[in-house]
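Remarks on the overall topology
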Amino acid sequence: MSRLSERPEKPVVGVSMPHESAHLHVTGAALYTDDLVHRTKDVLHAYPVQVMKAHGRITALRTAPALAVPGVVRVLTGADVPGVNDAGMKHDEPLFPDEVMFHGHAVAWVLGETLEAARLGAEAVEVELDERPSVLTLPDAIAAGSFHGARPVMESGDVTAGFADSAHVFTGEFLFSDQEHFYLETHAALALIDENGQVFVQSSTQHPSETQEIVAHVLGLHSHEVTVQCLRMGGGFGGKEMQPHGFAAVAALGARLTGRPVRVRLNRTQDLTMSGKRHGFHAEWRIGFDAEGRIQALDATLTADGGWSLDLSEPVVARALCHIDNTYWIPNARVAGRIARTNKVSNTAFRGFGGPQGMLVIEDILGRCAPLLGLDPMELRERNFYRPGQGQTTPYGQPVTQAERISVVWEQVRQDAGLADRQREIAAFNAAHPHTKRALAVTGIKFGISFNLTAFNQGGALVLIYKDGSVLINHGGTEMGQGLHTKMLQVAATTLGIPLRKVRLAPTRTDKVPNTSATAASAGTDLNGAAVKNACEQLLERLLRVAGTQLGANASDVRITEGVARVLGGDRELAWDDLVRTAYFQRVQLSAAGFYRTEGLHWDAKAFRGSPFKYFAYGAAAAEVEVDGFTGAYRIRRVDIVHDVGDSLSPMIDVGQVEGGFVQGAGWLTLEDLRWDTGDGPNRGRLLTQAASTYKLPSFSEMPEEFRVRLLQNATEEGAVYGSKAVGEPPLMLAFSVREALRQAAAAFGPEGVCVELASPATPEAVYWAVEAARAGGARADGGGAPGDGSVARTDTGALSHA
């Protein structure tokens, strides 16, 4: 076992413990960015001047009326920017635009003594607009040829030959929705300038180093003149990877110009109307199967709704293409990706980062095609799994390691869920209930872990040991409730061999650990944990030499366990505090900078080939649902999950991540329905779902009545920190099981072998229409829609035909 993955005697990792800030969270004592305003003197409040039109060129911007409002101090416009007027990394996101690109686009910011004064000032700003045509939907963008960014193509095998060898060929389309992050804490930043002109920004950001970079280039400064700190976030889910930069830059610009601290904090409606979402996608596909139902070829085009600027759309599309295979061997594939440019907010990272969208496409295809092939959906999925020892690679050329785990987690879920008995019970229930149907579906996941951009796969840490034996760790990752800091404390305590109470963690800030990557791609623990371990190992090596001298032994024969240094096979010992004090008096350095880079990665973005992922995380879920045939209303009766996290660093944290990810995925697929005004009236482009009253989020009532989560045992990941695997994003895709169960329940209202198309999100309304289509026969594998007859079944998801 590698040094990175090997665990010492009596490790602190692997122990179930609560989140390090759990007590602060539940008592309300935990501080977030905006809470710091009340501890800061003479703060000015910033308020955006939003233009409520979907698209248009600004012909006049009059700020004088705002300055006449009592309490207004200044109005920030593009003329005030001393550096680069851009809030993005692609230089396509003007911080103060002269062209409105979406309904609610902020074109200026008002600074006031109070938030109310700033709000009234923003209302007083006069903006004249030369309105222009707008593109709002993916189909309209595709029809208009409105695209931007890269257009990758992933190819493997011989697609033409694959289709020629196929006994069954199906084509179809699939349009599925975006998703709002709806983190509890909205975007927030607080900027101050010290006596030396140093800019200090408190920001709710997943990427402090990039926030620092953007603030510096807006202000025309170097990065060493800007410090960004993230104390903690009240949720991020990817929405705070790129989008906080502009808000931090506004606060910093205001502070620089006025000499006073400036606070930016969006209210919920502003956050919903100004910040990006998960990318909605359109998929057009053609798939071929042999006579046994094994995939022979796939030809697909995935189009993402990027919104008005690129943001992270290019890597999101790349990851979608890299995950369209999910757990299935596709020997011949051609998959193209493109980004639609629409007059909506700039869509951005969201948990899974394109992976869920790519995986949803193949799961939807298999769910739709199984009845047409005369196969049970579970059987069709099993027949197409990657198999170990077959030399199979993904469509982008990466060998599928640990392919046996696909079947292992699948079989464990089948056993845990008691599948055979429950399927008989469901069949009996459905036969006795003409107006209510149940169904049980199982789906699996294979999710690649690492950033597609190889350079991002690095992490840093700074660990300090003080003379009294206490330890302070700094690392480049940010805490958004996912438990990263808890795991880092456990890693440090385990590596040093000391009790957890000896270790404290400092807030993430750019003047302690520089040039960090975003806490994203599920890589936060892998990168920062390995960096913390590296720093602690440097310190441990120095201390073991001191301990060896004190104990009369070679350093290699000394172990530190539970805060005591002992010689192997001997009875002499030295307490940690005494060891540290001795090391100090011997002038031994008691601080260390740690670093880690993920090895073995290679990616050619132009050829779309390589091995971009360190490893794959696996999981499987079985979901049972019950659907009302009159209304389409449904409930999730039971969910069983087996998920692979390697050897868990913190089991309680990891189970919570699996549960939370699953519920968020179920929300995306079944509940969360973003709607825009697409009419030609004065409110064209307006987001209609601007609050929790109109945007349905998962709640207790949507939780499974029985929810059973098990972590895969004896699953050490060689080459990862203490044998663990990432857990943040992969569980979200386990929710495919709910959507497939709803499809099967709707089909149960129709004749045998009916093929059901299901919209996404599968709201009760969408399920109702699927039920109605099933009752009408749908596209069936019998005489009503036999293979080869060219029948087409249509719903608002698109069309499916069998050629």
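Residues numbered from 1 in each chain as written. Predicted model: local features only at pLDDT ≥ 70, side-chain atom pairs only at ≥ 80, totals over all residues. Heavy atoms only, no water.

**Some details on helix H10 (residues 355–369)**
For H10, which comprises 15 residues, the first-to-last C-alpha distance of 22 Å matches the rise-based estimate of 21 Å (1.5 Å per residue) to within 8%. Most of H10 sits out of view: 15 of its 15 residues are buried. (Helix = DSSP H or I, 4+ residues; strand = E, 2+ residues; numbered from the N terminus. Expected span 1.5 Å × (residues − 1). Buried < 20%, exposed > 50% of the residue type's maximum accessible area, 1.4 Å probe, protein only.)

**Focus: the side chain of His323**
Inspection of the secondary structure puts His323 in the loop between helix H9 (313–322) and strand E15 (333–341). The residues touching His323, leaving out its near neighbours within four places in the chain, are Gly355, Gly358, Met359, Lys446, Phe447, Gly448 and Phe613. (Contact = heavy atoms within 4.5 Å.)

**A few points about the sheet that holds strand E29 (residues 706–711)**
Remark on secondary structure: sheet strands pair via backbone hydrogen bonds, oriented parallel or antiparallel. Spatial ordering of the open sheet is given by E16-E27-E28-E29, a layout of four strands whose pairing is mixed. Strands with a single pairing partner mark the edges of an open sheet, and in this sheet they are strand E16 (436–449) and E29. Between one strand axis and the next, the sheet turns through 15° on average, direction left out of account. Bridge analysis of strand E28 (residues 634–643) against E29 gives six bridges, and the strand direction is parallel. Pairing of Asp640 across the sheet is with Arg708, part of E29. Across the sheet, helix H13 (residues 419–432) touches E16, strand E27 (615–628) and E28, and the angle it forms with E16 is around 145°. The strands touched by helix H18 (residues 736–747) within the sheet are E16, E27 and E28, with E16 carrying the most contacts at an inclination of about 150°. (Pairing = 2+ DSSP bridges. Axes fitted to C-alpha atoms, helices over the stretch in contact; angles between N-to-C directions.)

**A word on the nonpolar core**
Membership of the largest hydrophobic core comes to 112 residues, with the highest contact counts inside it found for Trp285, Ile287, Phe289, Leu298, Leu302, Phe662 and Leu742. With ten residues, the top contributor of residues to this core is E27. What Leu302 contacts, discounting residues up to four positions off in sequence, is Phe281, His282, Ala283, Ala320, Leu321, Ile324, Val335, Ala336, Gly337, Arg338 and Val361. In terms of nonpolar packing, the next biggest core, distinct from the first, is built from 52 residues, Ile473, Val546, Ala592 and Leu649 among them. (Core = buried A, V, L, I, M, F, W, Y, C linked by side-chain atoms within 4.5 Å.)

**Observations regarding the pattern of salt bridges**
In this structure the tally under the stated criterion is 57 salt bridges. Linking Arg368 and Asp364 is a salt bridge whose minimum nitrogen-to-oxygen distance equals 2.8 Å. Remark: Asp364 and Arg368 occur in helix H10; sequence separation between them is four residues, near one turn of the helix. Here the residues in one salt-bridge network are Glu363, Asp364, Arg368, Arg381, Arg739, Glu740, Arg743 and Glu757, joined through shared partners. (Salt bridge = Lys/Arg side-chain N within 4 Å of Asp/Glu carboxyl O.)

**Some points on the packing of helix H17 (residues 651–670) against H18**
In a pair of packed helices, the angle between the axes and the distance between the axes together describe the arrangement. Contact geometry of H17 with H18 gives a least axis separation of 8 Å together with a crossing angle of 40°. The angle between H17 and H18 places the two elements in the oblique class. On H18, the residues that touch Phe662, Trp668, Leu669 and Thr670 of H17 are Phe736, Ser737, Val738, Arg739 and Leu742. Here the residues of the contact of H17 with H18 sort into six nonpolar, two polar and one charged. (Parallel < 35°, antiparallel > 145°, perpendicular 65-115°, else oblique. Nonpolar A, V, L, I, M, F, W, Y, C, P; charged D, E, K, R; others polar.)

**A short note on empty space enclosed by the protein**
The tally for this structure, following the rule as stated, stands at five cavities of 30 Å³ or more. What lines the largest cavity is a set of 21 residues, among which Ala87, Glu93, Phe247, Met274 and Trp308 lie closest to the centre. Here the residues of the lining of the largest cavity are counted per class, giving twelve nonpolar, seven polar and two charged. (1 Å grid on protein atoms, 1.4 Å probe; cavity = no way out; pocket = protein on both sides within 12 Å on 5 of 7 lines; lining within 4 Å. Points joined across faces, edges and corners; volume = space filled by probe spheres on them.)

**Considering the packing of H18 against helix H19 (residues 764–775)**
Interhelical geometry of H18 versus H19 gives an angle of 40° and a closest axis separation of 8 Å. In terms of orientation, H18 lies oblique with respect to H19. As for how H18 packs across H19, the hand of that crossing is right-handed. Where H18 approaches H19, its residues Leu742, Ala746 and Ala747 are matched on the opposing element by Val767, Ala770, Val771 and Ala774. Residues that form the contact of H18 with H19 fall into these classes: seven nonpolar, no polar and no charged. (Left-handed = near helix turned anticlockwise from the far one by under 90°.)

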